Amino acid sequence: MRVLLVGAGGVGTAVTRIASRRDFLTHMVVADYDLSRAEAAVAALGAEEDRFGALRLDASDPEAVRRVLVEQRCDVLLNATDPRFVMPLFQAALEAGTHYVDMAMSLSAPHADHPYEQCGVKLGDEQFALARRWEEAGRLALVGMGVEPGLSDVFARYAADELFDDIEEIGVRDGANLTVEGYDFAPSFSIWTTIEECLNPPVVYEKDRGWFTTPPFSEPEVFDFPEGIGPVECVNVEHEEVLLIPRWVDARRVTFKYGLGDDFIAKLKTLHELGLDSTADVTVPGGDGPVRVSPRDVVAACLPDPATLGDRMTGKTCAGTWVKGTKEGAPREVYLYHVVDNQWSMREYGSQAVVWQTAVNPVVALELLATGAWTGRGVLGPEAFPPRPFLDLLTEYGSPWGLRDQG
């Protein structure tokens, strides 16, 4: 399989380190707007690894991306950029006639009049609008194939297939006990994406009502995470699983809650109150005259790169899916989860836990596509595929998953 990887940040770099250990990959072009990042990701693999190459590429230029896909004879585009670039990359892959995999879906837009009650443009709507074109082309766009969304969706399908006869609720729950030495505020994942997720109206799905929204940080609950992480307060956050799971899994309610903590929530609210979460450019003075810049990009530039925090980070991160329903007439409640210890991921791969956990899942998916264990065409989420091959291969990668019976 020949892959164009777009984005050589923390997640993209972790992808190269994981993929370099697998035989299914014949060539990977590592592309980034900053050529030095792409070159560093490839150089870190060692001179003996000749399946990887680096080039500069602007992810916002679909024609340039299409040309690279064709010239490099790529089978699939793996998108490891932030959600701003989903649609140009998605379009480029479609025009090039290649498959496509991403870890985050096209952006949402709040309802103009009732943002905390009704959905406007939902996450992924722009991509699903092109599903017929992908089907007609005989190509697959596998969307939301990271850890959350991604592995969490695989867990939902596994629960429906093997653990439950009837599902009342599926709730993705994410929590961690990670700390970063030397920083009062140092998010372990892209602050651009975190702001987008946490300050947009969260989406909830109910079978009798469909998709609807609530205010940010609504419905707080304390969830007890496994492997020593312990109780963490989680709140509703906008996330792709709520838009994906109901398309393929029958459940009466679907939610996503993230363990943020009061301090993190307070900082996000302050950014919003100051307008620093905005993606609209503003004019600021510069040394060579006025400069147009996005406030959110300034916030991201002022914070440390999450990919560089691994050496200062301790603790574990947990992604998982809580499911409640019945099996053979008896009530059942389980939590399917995946925990990564930062000490382990740094020792084994040189990547901090959050970016490594995100990166391993699309690599597993690529291998399943390469071997034919997963096949499909159109715009599909992880729930559209049999879960067992994925979960077995994830364990083979040396990162097993767990199941806790809550009943």
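The shown structure was predicted, so the numbers you read here are calculated from the model rather than taken from an experiment. (Residues numbered from 1 in each chain as written. Predicted model: local features only at pLDDT ≥ 70, side-chain atom pairs only at ≥ 80, totals over all residues. Heavy atoms only, no water.)

1. Here we look at the pattern of salt bridges
What counts, and what does not: A carboxyl oxygen of Asp or Glu within 4 Å of a side-chain nitrogen of Lys or Arg is what we treat as a salt bridge. Strands are runs of DSSP state E lasting at least two residues, helices are runs of H or I lasting at least four, and both sets are numbered from the N terminus onward. For the exposure calls, accessible area comes from a 1.4 Å probe over protein chains only, and a residue counts as buried if that area is under 20% of its type's maximum, exposed if over 50%, partly exposed in between.
Considering all chains together, one arrives at 26 salt bridges under this definition. Salt-bridge contacts for Arg157 lead to Asp161; the nearest nitrogen and oxygen are separated by 2.9 Å. With Arg157 and Asp161 both in helix α7 (residues 151-163), this residue pair falls 4 residues apart, about one helical turn. Looking at Asp161, the relative accessible area reads 43%, which means it is partly exposed. Between Arg253 and Glu219 there is a salt bridge, and its shortest N-O distance comes to 3.0 Å. Placement of the pair is Arg253 in strand β13 (residues 253-259) and Glu219 in the loop between β10 (210-213) and β11 (221-225), with a sequence separation of 34 residues. A relative accessible area of 18% places Arg253 in the buried class. Taken together, the salt bridges that share partners define one network made up of Glu169, Arg173, Glu206, Glu219, Glu221, Arg253 and Lys257.

2. Quick notes on the environment of Thr317
For the record, the criterion: Throughout, a contact is declared for two residues whenever any of their heavy atoms are within 4.5 Å.
Mapped onto the fold, Thr317 is located in strand β17 (residues 316-327). Dropping the residues within four chain positions of it, Thr317 is found in contact with Gly175, Ala176, Leu178, Ile229, His338, Val339, Val340, Ala353, Val354 and Gln357.

3. Describing the sheet that holds strand β2 (residues 27-32)
Heads up, the rule is: In this description, strands pair whenever DSSP reports at least two bridges between them. Axis definition: a line fitted to C-alpha atoms, over the contacting stretch in the case of helices. Angles run 0 to 180 degrees between N-to-C directions.
In spatial order, the strands read β3-β2-β1-β4-β5-β6-β19; together these 7 strands make up an open sheet with parallel pairing. What marks the edges here is a single partner per strand, and that holds for β3 (52-56) and β19 (378-380). Across the sheet, the axes of successive neighbouring strands diverge by a mean angle of 20°, strand direction being ignored. Pairing of strand β6 (residues 140-142) with β19, which is carried by 3 bridges, proceeds in the parallel orientation. Directly across from Ala141, in β19, lies its bridge partner Val379.

4. Looking at the pairing of β13
Within β13, 6 of the 7 residues are buried, which leaves the element mostly enclosed by the surrounding structure. With 6 bridges joining them, strand β7 (residues 166-176) and β13 adopt parallel strand pairing. Bridge assignment links Val172 to a residue of β13, and that residue is Phe256. Pairing geometry for strand β9 (residues 203-206) and β13, over 2 bridges, is antiparallel.

5. Things to note about the nonpolar core
Let me state the cut-off plainly: For this analysis, a nonpolar core means a set of buried residues of the types Ala, Val, Leu, Ile, Met, Phe, Trp, Tyr and Cys, connected via side-chain atoms within 4.5 Å.
Counting residues in hydrophobic clusters, the biggest one holds 89 residues, and the most contacted among them are Met28, Val30, Leu142, Ile170, Trp374 and Phe390. Residue contacts for Leu142: discarding those within four places in its chain leaves Tyr100, Val101, Asp102, Ala365, Leu369, Trp374, Leu380, Gly381, Pro382 and Phe385. If you look at the next biggest cluster of nonpolar residues, it comprises 31 residues, including Leu55, Cys74, Met105 and Val379.

6. Some details on the pairing of β2
Put simply, the rule reads: We call a crossover right-handed when, viewed with both strands directed away from the observer, the connection leading from the first strand over the helix to the second proceeds clockwise.
Burial analysis of β2 places 6 of its 6 residues in the buried class, the great majority of the element. By the alternation rule, side chains of β2 split into His27, Val29 and Ala31 and Met28, Val30 and Asp32, which are all buried. Of the strand pairs in this sheet, strand β1 (residues 2-6) and β2 are connected by 5 bridges, and their pairing is parallel. Looking at β2, one finds that Val3 is bridged to Met28. Across 5 bridges, the pairing between β2 and β3 is parallel. When the bridges of β3 are listed, Met28 appears paired with Phe52. In this fold, β2 hands off to helix α2 (residues 35-43), which returns the chain to β3; that crossover is right-handed.

7. Quick look at helix α4 (residues 86-96)
Of all the 11 residues making up α4, 9 are buried; the element is thus mostly covered by neighbouring parts of the structure. Considered for burial, the residues of α4 that qualify are Val86, Met87, Pro88, Leu89, Phe90, Ala92, Ala93, Leu94 and Ala96. After α4 finishes, the residue Gly97 shows a positive phi value of roughly 75°.

8. Overview of the packing of aromatic side chains
Quick reminder of the rule: Note on aromatic pairs: the rings of Phe, Tyr and Trp (six-membered ring only in Trp) are paired at centre separations within 6.5 Å, and the planes decide the class, stacked below 30 degrees, edge-to-face beyond 60, tilted for the rest. Lysine and arginine charges are scored as sitting over a ring when NZ or CZ, respectively, is within 6 Å of the ring centre and within 35 degrees of the ring normal.
Scanning all chains against the criterion turns up 17 aromatic pairs. Here the aromatic rings of Trp374 and Phe390 are separated by 5.6 Å at their centres, their planes lie at 20°, and the arrangement is stacked. Highlighted residues: Trp374 in the loop between α13 (353-371) and β19 and Phe390 in helix α14 (residues 387-396), separated in sequence by 16 residues. Accessibility classification places Trp374 together with Phe390 in one group, the buried group. Among the aromatic residues, those joined into a cluster by ring pairs are Phe223, Phe225, Tyr335 and Tyr337. Directly above the aromatic system of Tyr349 lies the positively charged group of Arg21, at a separation of 3.8 Å from the ring centroid. For the cation-ring pair, Arg296 lies above Trp192, with the distance from its terminal atom to the ring centre recorded as 4.4 Å.

9. Quick look at the side chain of Gln357
Mapping Gln357 onto the fold places it in helix α13. Taking relative accessible area as the criterion, Gln357 reaches 2% and is therefore assigned buried.

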